There are 2 protein chains.
Amino acid sequence: MLNNHHYCIIMAGGIGSRFWPISRTGMPKQFLDFSIQGRSFLRRTYDRMKVIIPEENILVVSLERYREQVRTHLPELREENLLLEPYNRSTAPCIAFATYTILKRDPDAICVVTPSDHAIARHDAFNKTLADALAYAAGSDALITLGVIPTRADSNFGYIQMAGKPEKGQPVKTKTFTEKPDPELARVFIDTGEFLWNSGIFVWRADAIRQELEKHAPEITHLWKGWREVLDTDNQKAFLERIYTDMPRISIDYAVMEKTDNAWVYPAEFRWADIGNWESLYDYLAYHDDQGNALNRTARRLLKDSSDNIVYSTRDDKLLAVRGLKDFIVVDTEDVLMICPRDEEKLKDFLSQLAMPEYEEYR
Amino acid sequence: MLNNHHYCIIMAGGIGSRFWPISRTGMPKQFLDFSIQGRSFLRRTYDRMKVIIPEENILVVSLERYREQVRTHLPELREENLLLEPYNRSTAPCIAFATYTILKRDPDAICVVTPSDHAIARHDAFNKTLADALAYAAGSDALITLGVIPTRADSNFGYIQMAGKPEKGQPVKTKTFTEKPDPELARVFIDTGEFLWNSGIFVWRADAIRQELEKHAPEITHLWKGWREVLDTDNQKAFLERIYTDMPRISIDYAVMEKTDNAWVYPAEFRWADIGNWESLYDYLAYHDDQGNALNRTARRLLKDSSDNIVYSTRDDKLLAVRGLKDFIVVDTEDVLMICPRDEEKLKDFLSQLAMPEYEEYR
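What you see is a predicted model, and the numbers here were worked out from it, not measured in a lab.

Before going further, it helps to examine the relation of the copies chain A and chain B. Taken as rigid bodies, chain A and chain B are interconverted by a rotation of 179° and an axial shift of 0.0 Å, the fit giving an RMSD of 0.1 Å. The transformation just described matches what one would write down for a two-fold rotation axis. Mapped onto chain B, 100% of the interface residues of chain A again fall at the interface, so both copies present the same surface.

In this section: the interface of chain A and chain B. Chain A puts 35 residues into the contact, and the matching count from chain B is 35 residues. Summing both partners gives a buried area of about 3,000 Å² for chain A against chain B, and 58% of it is carried by carbon and sulfur. Summed over the three residues of chain A that lose the most area to chain B, namely L319, R323 and L337 of chain A, the buried surface amounts to 24% of that side. Viewed at the interface, chain B and chain A are joined by nine salt bridges. K318 of chain A serves as the salt-bridge partner of D332 of chain B, at 2.6 Å between the closest nitrogen and oxygen. Inspection of the region where chain A meets chain B yields 28 residue pairs in polar contact (both at pLDDT 80 or more).

What follows deals with the environment of F19 of chain B. Residues and elements named next belong to chain B. With respect to the secondary-structure elements, F19 resides in the loop between β1 (6-11) and α1 (41-49). We classify F19 as buried; its relative accessible area is 2%. C-alpha of F19 to C-alpha of C94: the two residues are 75 residues apart in sequence and 23 Å apart in space. With residues near it in sequence (within four places) discarded, F19 still touches K29, I275, G276, N277, W278 and L281.

Glancing now at the pattern of salt bridges. Scanning the entire structure with this criterion turns up 61 salt bridges over all chains. Residues R43 of chain B and E76 of chain B are paired through a salt bridge, measuring 2.8 Å at the closest nitrogen-oxygen approach. Residue R43 of chain B is found in helix α1, and its partner E76 of chain B is found in the loop between α2 (67-73) and β3 (82-85); the two are separated by 33 residues along the sequence. Each of R315, D317 and E334 of chain A together with R315, D317 and E334 of chain B takes part in a single network of salt bridges with overlapping partners.

Residues and elements named next belong to chain A. Examined against the element boundaries, P183 turns out to sit in helix α5 (residues 183-192). Given the relative accessible area of 45%, P183 is considered partly exposed. Sequence separation between P183 and Y159 is 24 residues, and the spatial gap between their C-alpha atoms is 12 Å.

It is worth spelling out the packing of helix α3 (residues 91-105) of chain A against helix α6 (residues 206-216) of chain A at this point. All names here are of chain A. For the pair α3 and α6, the least separation of the axes is 10 Å and the interaxial angle reads 135°. Between α3 and α6, the interaxial angle falls into the category oblique. When the axes of α3 and α6 are compared, the crossing they make is left-handed. The residues of α6 that touch α3, namely those facing I95, A96, T99, Y100, I102 and L103, are A206, D207, I209, R210, L213 and E214.

Residues in a regular strand point their side chains to alternate faces of the sheet. A large share of strand β16 (residues 319-323) of chain A lies buried, amounting to five of its five residues. Burial along β16 of chain A is two-sided: L319, A321 and R323 of chain A facing one way and L320 and V322 of chain A facing the other are all buried. As judged from the four bridges shared by strand β14 (residues 301-304) of chain A and β16 of chain A, these two strands associate in the parallel manner. Along β16 of chain A, the bridge assignment pairs L303 of chain A with V322 of chain A. Summarising the sheet, β16 of chain A and strand β18 (residues 336-341) of chain B pair through four bridges and their orientation is parallel. Bridge pairing in β18 of chain B links V322 of chain A to I339 of chain B.

Now for the packing of α3 of chain A against helix α9 (residues 236-246) of chain A. Residues and elements named next belong to chain A. Running from amino to carboxyl end, α3 crosses α9 at an angle of 155°, the nearest separation of the two axes being 13 Å. The orientation of α3 relative to α9 falls into the category roughly antiparallel. Handedness of the crossing formed by α3 with α9: right-handed. Judged by residue contacts, P93, C94 and F97 of α3 engage Q236, L240 and Y244 from α9. For the contact of α3 with α9, the per-class residue count stands at five nonpolar, one polar and no charged.

The next thing to look at is helix α1 (residues 41-49) of chain A. With respect to burial, α1 of chain A is a largely interior element, nine of its nine residues being buried. Every buried residue of α1 of chain A is accounted for by F41, L42, R43, R44, T45, Y46, D47, R48 and M49 of chain A.

This part is about helix α4 (residues 123-138) of chain B. Residues and elements named next belong to chain B. Look at α4: 22 Å from first C-alpha to last across 16 residues, which is about the 22 Å you get at 1.5 Å a residue. By the burial criterion, the buried members of α4 are A125, F126, T129, L130, A133, L134 and A137. Looking straight down α4, one finds its buried side chains confined to an arc of 165°; they lie on one side. In α4, those exposed residues whose orientation departs by more than 90 degrees from the buried face are D124 and A135.

Quick notes on the rules
In this convention, every chain numbers its residues from 1, walking through the sequence in written order. Naming scheme: in the order in which they are written, chains are lettered from A and ligands are numbered from 1. Thresholds applied to this predicted model are a pLDDT of at least 70 for local features of residues and 80 or more for the giving and counting of side-chain atom pairs; totals over whole chains, interfaces and linings are not thresholded and use all residues. Computation of side-chain values: all heavy atoms of the structure, hydrogens and water removed. Alignment of the copies relies on least squares applied to C-alpha atoms, considering only residues that score at least 70 for pLDDT in both. Here, two residues are considered to be in contact whenever any of their heavy atoms come within 4.5 Å of each other. Put simply, buried area is how much 1.4 Å-probe accessible surface two parts lose in total, over both of them, once they are put together. Each reported salt bridge corresponds to a side-chain nitrogen of Lys or Arg within 4 Å of a carboxyl oxygen of Asp or Glu. For this analysis, a polar contact is any N or O atom pair within 3.5 Å, provided that within protein one partner can donate a hydrogen and the other can accept it, and provided that sequence-adjacent residues contribute only side-chain to side-chain pairs. Numbering goes from the N terminus for both helices and strands, where a helix is a DSSP run of H or I of at least four residues and a strand is a run of E of at least two. The classification of residues rests on relative accessible area computed with a 1.4 Å probe and restricted to protein chains. Under 20% of the type maximum is buried, over 50% is exposed, and intermediate values are partly exposed. Axis definition: a line fitted to C-alpha atoms, over the contacting stretch in the case of helices. Angles run 0 to 180 degrees between N-to-C directions. With respect to orientation, any angle under 35 degrees is reported as roughly parallel, any angle over 145 as roughly antiparallel, any angle of 65 to 115 as roughly perpendicular, and every other angle as oblique. Here a crossing is taken to be left-handed if its near helix is turned anticlockwise relative to the far helix by less than a right angle, and right-handed if that turn runs clockwise. Paired strands are those between which DSSP finds at least two bridges. Three classes are used: nonpolar for Ala, Val, Leu, Ile, Met, Phe, Trp, Tyr, Cys and Pro, charged for Asp, Glu, Lys and Arg, and polar for all others, with Gly counted as polar. Multiplying 1.5 Å by the helix residue count minus one yields the expected span of that helix. Arc, as used here, means the arc of the directions from the helix axis to the C-beta atoms.

Written as structure tokens, this is what we have:
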């Protein structure tokens, strides 16, 4: 029996370009499928949440430009539950929009907020953690982040320091938030045992986050004056166009979580991956052959004298025949072929060159 | 004023697979354009010949399967001048077919026979050579091959040994034909000064080659019994279907030129290239950047830390971004991406693997 006061906010407005040319401004990661499941990150996020949250309470926040793509990936999503921002302004404005919408519909709502482009495994542990967190949030003003027990000193993630020892099934107060520490600091974090990875998944009462937003991020909430009159009406779109012109770009971590006295973290036991860079994509890709090549499919792929490459094609019916490459990234899409050493610096430098205006049409 | 008894036979039935995946069984080399001219080899062959031969006397021999492609490349070609073989049986059957067709139309015809997938430069010298050869052939039974003065010991070509010293504007008797000698032998050939490259372009009276075919290649000509009744009639297609079932696969060099007493060679001064392998394609491609990369176009190509590669795409609107490759061949077509070291042995071995039945759909 799902709780009718439980809501989910799926944040699906990212315009990620880190996986260019796989991801594009017109096709960001949430709409991609790196797995063998044949479902996009967004689709899998929705399917994961609907086990816990009543479907009529699942809201997706995305951008106007992605309207059709969200519809394609989630045909059953209710029209009124697709919230479209005119521009992406990071997570705090996105959460404010969804929170006000939910509050108008249900003042007693308790929300799960989740990114739409992460990978989660061990769904039983995930469901248990969320159930515990929802129960805890119902009786408090706590702003709960799900924290992932780290397995390596990865400098691409955010870290949350716990203020004490966690007890089973209970959240613990947070002490600090650190976004992408350098590798040495990440190492120190891991060694202390006090730090968790910030999964970007939050649980809180809608009214609790509203109060904290209004307290710590008035530059956002003052734009929302009159929200109760316009949300879920024909005036909403024009209202959004107007307020988003001035909306600051700011993350929820920076806007609220690092400032509030009510930040808690819940050590979770599910497996989680952000897949925010090519190395994590290498790990996550569906197929790995015995030469250490990672592929998004194996049929129609012939790799000879080739090892430790990422070979990715958006075309299932295309034959990729590769010989003599080691530690390369080969990405073939409809309009871009990229071949580059699998070396963070070389790749970064090459991608920045490819981001020049002369290649604008391929963004 | 062009001579109405002059004919040209353009052989355009090749099913070359040496440039797979650029060339295909459905798109052999004669239909490709490696140049900056925007014209296929076939188109350029036709345009070259129509300066010398009346257009109504230019015949193209190709395969039934290539009917539409020839039509596309040569829309002005007369229907009755497109001769379609049911199967490719090399050059001797192709020449027999065209020769009988021409003889029925004009018993006094003098023919130029030319491949459709070679590159020719210095058209003034080419025209002069052909004019001389046509004039010589008119008054004799000579079977004349145009010989190209060799510039290197290339073991991919056929060599013709001259029986004596050539005189300006005159053909010289041939002594031997050698197809693709090994590199050492090719070196010896070049050093003697007695050898010319076999251009595959022939000049002869139609009746002369007919007699020599009937004498040296009866296995072909006996199938053609009754040709005068069927050619250029509605019965032709069924007749061809029938006789090609038994038609031997044999080149004109092997069937006639190596056996006849009437083989002559005409040392020509035009520039000629067969472009029969990847190394000659490297030389011939339209663009070479200052890192020694050969490309079929430069727009939408970003090559960084990359040198001495062949980078070829059939797609003008696709961005090819390549970093860190040296001495590779990168070919990107609609349905195949091939990346392979530019090494004859590795390439040959890789292509033979790609010719396996499991990749049949990509031939």
